[in-house]
Amino acid sequence: SGRATANPYEPPMNYSSYKISILLFCHFIIYMKHSDDELIHDITLGFIHSTIMAISLSIGLVIGGFSNESIVLVLIAKAIAGSISIGLTNYLSLEGHEHQNISAIRTTLGYFCGIIMTMIAFHYTQNSLNGIKLALILNFLALIGFGYYRSRFLNKSIFKSVNKIIAICAIAIAVTFFISSSDKN
């Protein structure tokens, strides 16, 4: 059922794809250094959307009593489905645009990278409460880094860029928490 239960007969999950994910995330950050405004737009769209979604979904699952393994599996499924969905949406919305294919790929990459921090947090912690705490910290740091790079390439104020991104995510996370926790009372 996905609820937190100890099952000594269940084999441990293999997360060797995290090494690939971390390399992909590092490539994503390096690739941002060689960017243009369209690249920043596409990656921002995917990254912010998936970061908000991953944390919000995880909060609901933690409050619902799901195990770390179940949360990681849900996030992997959401990463795949969400990456396809947002990439295809971006592709279709830019029909006829000369960079239609590249834009869709960049949005998909941004989406996938935005969810990695949350998956890593739940993989490396013993319980879901510690997982959500670590996920919030890692995502906060990733959003600060993302806001910094975004501001540098758009020649915007670092403070305004970071605060705007953090504020949007904080509002979404707070709403999710209050909706999820109100059902528990």
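Residues numbered from 1 in each chain as written. Predicted model: local features only at pLDDT ≥ 70, side-chain atom pairs only at ≥ 80, totals over all residues. Heavy atoms only, no water.

(A) Geometry of the nonpolar core. By size, the foremost hydrophobic cluster in this structure holds 20 residues, and its most contacted members are Ile59, Ile71, Leu75, Ile115 and Phe122. No other element matches the seven residues that helix α2 (residues 37-63) contributes to this core. Other than its neighbours up to four places away in sequence, Ile59 contacts Ile132, Ile173, Thr176 and Phe177. In terms of nonpolar packing, the next biggest core, distinct from the first, is built from 15 residues, Cys113, Phe146, Val162 and Cys169 among them. (Core = buried A, V, L, I, M, F, W, Y, C linked by side-chain atoms within 4.5 Å. Buried < 20%, exposed > 50% of the residue type's maximum accessible area, 1.4 Å probe, protein only. Helix = DSSP H or I, 4+ residues; strand = E, 2+ residues; numbered from the N terminus. Contact = heavy atoms within 4.5 Å.)

(B) The side chain of Ser103, seen in detail. Tracing the chain through its elements places Ser103 in helix α4 (residues 100-123). When neighbours within four sequence positions are excluded, Ser103 is seen to be in contact with Asp42, Asn90 and Leu94.

(C) Main features of helix α5 (residues 128-154). Helix length check: α5, at 27 residues, gives a terminal C-alpha distance of 37 Å against a target of 39 Å (1.5 Å per residue), a fit within 8%. For α5, the set of buried residues is Ser128, Gly131, Ile132, Ala135, Asn139, Ala142, Leu143, Phe146, Gly147, Arg150 and Ser151. Its side-chain oxygen placed 3.2 Å from the backbone nitrogen of Leu129, Asn127 serves as the N-cap of α5. Positive backbone phi, approximately 55°, marks Asn155, located one or two places after α5. (Expected span 1.5 Å × (residues − 1). Polar contact = N/O pair within 3.5 Å; in protein donor to acceptor, adjacent residues only side chain to side chain.)

(D) Structural view of the environment of Ile48. Structurally, Ile48 can be placed in helix α2. Residue Ile48 is classed as buried on the basis of its relative accessible area of 13%. Excluding anything up to four places from it in sequence, Ile48 contacts Leu143, Phe146, Ile165 and Cys169.

(E) Inspection of the pattern of salt bridges at higher detail. This model, assessed by the stated rule, comprises one salt bridge. Here Asp42 and Arg106 are joined by a salt bridge, their closest N and O atoms 3.0 Å apart. Remark: Arg106 occurs in helix α4 and Asp42 occurs in helix α2; sequence separation between them is 64 residues. Summarising the burial analysis for this pair, Asp42 and Arg106 share the class buried. (Salt bridge = Lys/Arg side-chain N within 4 Å of Asp/Glu carboxyl O.)

(F) Structural view of the packing of aromatic side chains. Taken as a whole and assessed by the stated rule, the structure comprises one aromatic pair. With a centroid separation of 4.4 Å and 20° between ring planes, the pair formed by Phe47 and Phe146 is classed as stacked. One end of the pair, Phe47, is in helix α2; the other, Phe146, is in helix α5, with 99 residues separating them in the sequence. The same class applies to Phe47 as to Phe146, namely buried. (Phe/Tyr/Trp six-rings, centres within 6.5 Å; stacked < 30°, edge-to-face > 60°.)

(G) A look at the environment of Gly110. Note that Gly110 resides in helix α4. Separated by 65 residues in sequence, Gly110 and Leu45 have C-alpha atoms that sit 7.3 Å apart.

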